[in-house]
Amino acid sequence: MGKKVVVLPCSGIGKAYGEIGRQAVYDLAEDLKPEDVKTACLARLMIDDPETKAMVKDNFVITVDGCGMDCARKNVEAAGKQVDSSLRVVEAFKKHRDLKPQGVLELGEPGFKLAHILAERLSEEVDCVMKK
Ligand code: SF4
């Protein structure tokens, strides 16, 4: 069976960009690329869950981080895997400054639009990574 792309968002608790990253990954995995993309909870990687570690090791990996702390990318690398690509939510926001999320718990329409734009950007990245 061919490799899939594991797309891992950071946990980003209390940060709108973390929430947008997660929403974008759901959009990607459930609607845009359900055949090619899998996701998992980053915390499972951090507690050395064998199933999650194997999934990351055996597939391509893209991380999505809510800020420059890059927690998702760093945790994947700490688990011994080089990421194939890493994106930050803020990069999508820089091109769409009109779309300001309303808050962490209520992203509002601008926040969900931004999540969808990021999901489309991720979808392109999945195509690139799968051509490797
Ligand atoms: S990358 Fe930033 S937003 Fe995401 S979990 Fe780390 S500190 Fe939070």
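Please refer to the structure higher up on the page.
Residues numbered from 1 in each chain as written. Predicted model: local features only at pLDDT ≥ 70, side-chain atom pairs only at ≥ 80, totals over all residues.

Caption draft 1: Molecular detail of the overall build of the chain. Each helix and strand counted, the chain has six helices and four strands in total. Helices (α) and strands (β) of the chain occur, in sequence order from the N terminus, as β-α-β-α-α-β-α-β-α-α. On C-alpha atoms alone, the chain measures out to a radius of gyration of 14 Å, which is about the 14 Å that the 2.2 N^0.38 rule sets for 132 residues. Along the first, second and third principal axes, the C-alpha set of the chain runs to 40 × 30 × 20 Å. The proportion of buried residues among the 132 residues of the chain is 39%. (Helix = DSSP H or I, 4+ residues; strand = E, 2+ residues; numbered from the N terminus. Rg over C-alpha atoms; globule rule 2.2 N^0.38 Å. Buried ≥ 20, exposed ≤ 12 C-beta atoms within 10 Å, placed from the backbone.)

Caption draft 2: Main features of the site of the ligand. Lining the immediate environment of the ligand, one finds Cys10, Ser11, Gly12, Lys15, Tyr17, Gly18, Asp65, Gly66, Cys67, Met69, Asp70 and Cys71. The residue inventory of the shell around the ligand, partitioned by class, reads five nonpolar, four polar and three charged. (Near = placed C-beta within 6 Å. Nonpolar A, V, L, I, M, F, W, Y, C, P; charged D, E, K, R; others polar.)

Caption draft 3: Expanded view of the environment of Ile47. Here Ile47 is to be found in the loop between helix 2 (42–46) and helix 3 (50–58). On the basis of neighbour count, Ile47 is assigned to the exposed category, with 9 C-beta atoms found within 10 Å. Linking Ile47 and Ala79, residues 32 residues apart in sequence, is a C-alpha distance of 10.0 Å.

Caption draft 4: Here's a closer look at the sheet that holds strand 4 (residues 85–88). If you trace the four strands from one edge of the open sheet to the other, you get 2-1-3-4, paired in parallel fashion. With partners counted over all chains shown, the strands left at the sheet margins are strand 2 (37–38) and strand 4, one partner each. Looking at chain direction, strand 3 (residues 60–65) and strand 4 are connected through four bridges and run parallel. Its bridge partner being in strand 4, Asp65 is matched across the sheet by Arg88. Strand contacts of helix 1 (residues 16–32): strand 1 (5–9), strand 2 and strand 3, with the helix running at about 155° to strand 1, the strand carrying the most contacts. (Pairing = 2+ DSSP bridges. Contact = placed C-beta atoms within 7 Å. Axes fitted to C-alpha atoms, helices over the stretch in contact; angles between N-to-C directions.)

Caption draft 5: Seen up close, the nonpolar core. In terms of nonpolar packing, the biggest core is built from 32 residues, with Val7, Ala24, Ile62, Val64, Leu118 and Leu122 touching the most fellow members. Of all elements in the fold, only strand 1, helix 1, strand 3, helix 4 (71–78), helix 5 (89–95) and helix 6 (108–130) reach the threshold of two or more residues within this core. In contact with Ile62, not counting residues within four places along its chain, are Val5, Val7, Val83, Asp84, Ser85, Ser86, Leu87, Leu122, Glu125, Val126 and Val129. (Core = buried A, V, L, I, M, F, W, Y, C linked by C-beta atoms within 7 Å.)

Caption draft 6: Spatial organisation of the pairing of strand 3. Burial runs high along strand 3: six of the six residues are buried. Burial of the side chains of strand 3 extends over both faces: Phe60, Ile62 and Val64 are buried on one face and Val61, Thr63 and Asp65 on the other. Pairing analysis gives five bridges linking strand 1 to strand 3, with the strands arranged parallel. Bridging from a neighbouring strand, Val5 pairs with Phe60 of strand 3. In terms of handedness, the path from strand 3 via helix 4 over to strand 4 forms a crossover that is right-handed. (Right-handed = clockwise from strand over helix to strand, strands pointing away.)

Caption draft 7: Structural view of the environment of Lys132. Its location among the elements puts Lys132 in the segment after helix 6. Judged by C-beta crowding, with 8 C-beta atoms within 10 Å, Lys132 ranks as exposed. Between the alpha carbons of Lys132 and Phe60 there is a distance of 9.4 Å; along the sequence they are 72 residues apart.

Caption draft 8: Structural view of helix 4. Where helix 4 is concerned, the buried positions are Ala72, Arg73 and Val76. Along helix 4, the residues classed as buried sweep out an arc of 100° about the axis, all on the same side. Turning to helix 4, the residues buried within the fold contact strand 1, helix 2, helix 3, strand 3 and strand 4. Just downstream of helix 4 lies Gly80, where phi reads positive at about 95°. (Arc of directions from axis to C-beta.)

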